[in-house]
Amino acid sequence: MASSASVHGMWSSRLMFILAATGSAVGLGNIWRFPYVAGENGGGAFVLVYLLCIALIGIPIMSSEVLLGRAGRQSPINTMFGLAERSGVSTNWQLLGWLGAASGFVILSFYGVIAGWAMHYVVLGASGEFGGLTGAGAAEMFGNFTGNAWLVLLWHAVFMLLTTFIVARGVGEGLERTVKYLMPALFVLLVALIGYAVTTGGMGDALAFLFAFNFDKLTGGGVLIAMGQAFFTLSLGMGAIMAYGSYMPKDASVIGTVTTIALLDTGVALMSGLVIFPLVFANGLEPTSGPGLMFITLPLAFGQIDGGLVFGTIFFVLVTFAAITSSISLVEPAVAWLVEHRKVSRRAAAATVGGLAWLLGLGSALSFNVLSDFRLPGGLDFFSTMDYLSNNIMLPLGGMLIAVFAGWIVKREIPQEELGLSPGGYAVWQFLVRFVAPLGVAVVFVMVFV
Ligand code: PFF
């Protein structure tokens, strides 16, 4: 039976939900992943497809996750179970919750590693290592670090410990404070960095690269990656937002809230692009540099600007926090389920999930050094396989099924009541959730895999 509160606690206000969900959405996906996947896929047309996916697929699915979570008030697995039961359909729909929990582990297995890199860059920044770097020097610094397996493993472990510790303490205070102050700070620093990027002379090339919609450069695979990036960056398709929605107060507007979050998230991604690509072009670096792109370009900027030591250090601290507010939402669905189902304490649940995710992450940590020649079936290394599997397959699949569930399966009263829209507004929502979002994902899947 649905109740008006969750056993795991509740956000203290609508603003708190926005902050927490924005904290989940804004993370490495915006600052680290968006620029490098856009770079690898030719820029402009990729960015356009990404933006379309955010608007037409992402926002409808995000609203579905929030409303289902709020109606269910439990972990995504039990929410799906409960809502299926209430709607008189097969409780196998809970499998969607399981798929989501699994996606969380797969994502964390590489997310924790990259977040660990960001933490190491805090130390590099603070010790003045960025001073006077050249493009080649920055690339070498990155290669030396990621080639050092022990160091990468150490930072990965530290990050996973931090995540586990915060989740063990539960929804509420720590998180509330973290997001309230650090997210705006990140915003301000990005704006300042764009200001610097303008002075490098690379801004014109960067704008042309990101916004000239040259479709020749976009392949079918690129469209899939753009769609996957939209899911990843909004934390969709795995129940993170559903779990957060289950702690959301009844009086907040779902659509208004979700649109705000998507706009903030997209803003941060585009701003990161406007910081990184001018540096790429001004320093003769390659847009296709891959996962190291942010770690090679930004130290160059910090090496040049006045106060670069301080700003560089603060910037990587903020990236680390942005990663933490995302990683805690990656573990939350599995943790909430363990607490409900196994009646274990939140601490034990967090330790279990965090420990397992850490273990799986060893594969990604070693992909850049000891295991760099190792390939999984499919021909990619461990890190790239986990990234591909989660972003390009598991999240879109999960998201598509969530839309189908919210649009077609669940009892009509549930979305009607949760959304509180006018009849016209509801019809638009229903059209997007029933047709546009699931068919959009399906078309891309068919285009790429069939
Ligand atoms: N949205 C996060 C980012 O952009 O870094 C990553 C993420 C968090 C993906 C939570 C999925 C998720 F459930």
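For the structure, see preceding data.
Quick look at the structure, then.

About the criteria used
- Residue indices follow the written sequence of each chain, beginning from 1 at its first position.
- Only residues with pLDDT of at least 70 get local features here, since the model is predicted, and only at 80 or more are side-chain atom pairs given and counted; chain-wide, interface and lining totals rely on the full set of residues.
- Calculated side-chain values reflect all of the structure's heavy atoms, with hydrogen atoms and water omitted.
- Aromatic contacts are taken between Phe, Tyr and Trp rings whose centres are within 6.5 Å, Trp giving its six-membered ring; a plane angle under 30 degrees counts as stacked, one over 60 as edge-to-face, and the others as tilted.
- Put simply, DSSP H or I for four residues or longer makes a helix, DSSP E for two residues or longer makes a strand, and each gets a number counted from the N terminus.
- The buried label applies to any residue whose accessible area, calculated with a 1.4 Å probe on protein chains only, is under 20% of its type's maximum; exposed applies above 50%, and partly exposed to all values in between.
- Working rule: Lys NZ or Arg CZ, within 6 Å of ring centre, within 35 degrees of ring normal, means a charge sits over the ring.
- An expected span of 1.5 Å times one less than the residue number is assigned to each helix.
- Lining residues are those with an atom within 4 Å of a point, where the points come from a 1 Å grid over the protein atoms alone and group into cavities, where a 1.4 Å probe fits but cannot get out, or pockets, open sets with protein on both sides within 12 Å along at least five of seven lines.
- Grid points are joined across faces, edges and corners, and a volume is the space filled by probe spheres set on the points.
- Whether two residues touch is decided by their heavy atoms; if any such pair falls within 4.5 Å, the residues are in contact.
- Whether a residue is near a molecule or strand depends on its heavy atoms: it is near if one of them lies within 4 Å of it.
- Polar contact is defined as a pair of N or O atoms within 3.5 Å, subject to the rule that within protein one atom must be able to donate a hydrogen and the other to accept it, and that residues adjacent in sequence are counted only when both atoms are side-chain atoms.
- For the accessible areas, the method is Shrake-Rupley and the probe is 1.4 Å, while residue cover comes only from the protein chains on display.
- A molecule is said to be in a cavity or pocket once over half of its atoms fall within 2 Å of that pocket's grid points.
- Axis definition: a line fitted to C-alpha atoms, limited for helices to the stretch in contact. Angles are taken between N-to-C directions and run from 0 to 180 degrees.
- Any angle that is under 35 degrees is reported as roughly parallel, and any over 145 degrees as roughly antiparallel; angles of 65 to 115 degrees are reported as roughly perpendicular and all others as oblique.
- Classification convention: Asp, Glu, Lys, Arg as charged; Ala, Val, Leu, Ile, Met, Phe, Trp, Tyr, Cys, Pro as nonpolar; all other residues, Gly among them, as polar.

### Let's talk about the packing of aromatic side chains
Here is step 1: In total, this model carries 30 aromatic pairs according to the counting rule given.
Here is step 2: Relative to Phe 295, the ring of Tyr 121 lies with its centre 5.0 Å away and its plane at 65°, an arrangement referred to as edge-to-face. One end of the pair, Tyr 121, is in helix H5 (residues 95-126); the other, Phe 295, is in helix H13 (residues 293-304), with 174 residues separating them in the sequence. Of the two residues, Tyr 121 and Phe 295, neither departs from the other in class, the shared state being buried.
Here is step 3: A cation over an aromatic ring shows up here: Arg 33 above the ring of Phe 232, its NZ or CZ 5.5 Å from the ring centre.
Here is step 4: Of note, Arg 434 hangs over the ring of Trp 408, and the distance from its end group to the ring centre comes to 4.2 Å.

### Some details on helix H10 (residues 220-233)
Here is step 1: Over its 14 residues, H10 extends 20 Å from the first C-alpha to the last, a length consistent with the 20 Å expected when each residue adds 1.5 Å.
Here is step 2: Summarising burial for H10: twelve of the 14 residues are buried, a large majority.
Here is step 3: All buried positions along H10 are accounted for by Gly 222, Val 223, Leu 224, Ile 225, Ala 226, Met 227, Gly 228, Gln 229, Ala 230, Phe 231, Phe 232 and Thr 233.
Here is step 4: One or two residues past the end of H10 sits Ser 235, with phi positive at roughly 60°.

### A closer look at empty space enclosed by the protein
Here is step 1: One pass over the structure, following the stated rule, counts four cavities of 30 Å³ or more.
Here is step 2: Estimates place the volume of the largest cavity at around 130 Å³.
Here is step 3: Ser 24, Phe 232, Ser 235, Ser 326 and Leu 330 are, among the 16 residues lining the largest cavity, the residues nearest its centre.
Here is step 4: Every element with two or more residues in the lining of the largest cavity is listed here: helix H1 (14-25), helix H2 (28-40), H5, H10 and helix H14 (308-342).

### Considerations on the environment of Ile 18
Here is step 1: Following the sequence through the fold, Ile 18 ends up in helix H1.
Here is step 2: The exposure class assigned to Ile 18 is buried, which follows from its relative accessible area of 9%.
Here is step 3: The spacing of Ile 18 and Val 179 is 161 residues in sequence and 9.7 Å in space, taken between C-alpha atoms.
Here is step 4: With residues near it in sequence (within four places) discarded, Ile 18 still touches Thr 257, Thr 260 and Ile 261.

### As for the site of the ligand
Here is step 1: Ala 25, Gly 29, Tyr 111, Phe 232 and Met 238 are the nearest of the 16 residues found near the ligand.
Here is step 2: Contact distances for the ligand include 2.4 Å between an oxygen atom and a side-chain N or O atom of Tyr 111.
Here is step 3: Residue Thr 233 places a main-chain N or O atom 3.1 Å away from a nitrogen atom belonging to the ligand.
Here is step 4: Computed on the free molecule, the ligand has an accessible area of 340 Å², of which 100% lies beneath the protein chains in the complex.
Here is step 5: For the ligand, the cavity whose grid points lie within 2 Å of the majority of its atoms is the largest cavity.
Here is step 6: Where the shell around the ligand is concerned, the elements lending two or more residues are H1, H2, H5, H10 and H14.

### Description of the packing of H5 against helix H7 (residues 149-169)
Working note: a packed helix pair is described by the angle between its axes plus the distance between those axes.
Here is step 1: Packing of H5 against H7 brings their axes to within 7 Å, and their N-to-C directions diverge by 105°. Our classification of the angle between H5 and H7 gives roughly perpendicular. Where H5 approaches H7, its residues Leu 108, Gly 112, Val 113, Ala 115, Gly 116, Trp 117, Met 119, His 120 and Val 123 are matched on the opposing element by Leu 151, Val 152, Trp 155, His 156, Val 158, Phe 159, Met 160 and Leu 162.
Here is step 2: In terms of residue class, the contact of H5 with H7 is made up of 13 nonpolar, four polar and no charged.

### Here's the deal with H5
Here is step 1: Helix length check: H5, at 32 residues, gives a terminal C-alpha distance of 46 Å against a target of 46 Å (1.5 Å per residue), a fit within 8%.
Here is step 2: Burial analysis of H5 places 25 of its 32 residues in the buried class, which makes it a mostly covered element.

### Notes on unusual backbone geometry
Here is step 1: Even without being glycine, Arg 73 reaches a positive phi, approximately 55°.
Here is step 2: For Arg 73, the position within the fold is in the loop between helix H3 (44-72) and helix H4 (76-86).
Here is step 3: For Ser 235, which is not glycine, the phi torsion reads 60° and is therefore positive.
Here is step 4: Along the chain, the position of Ser 235 falls in the loop between H10 and helix H11 (240-245).

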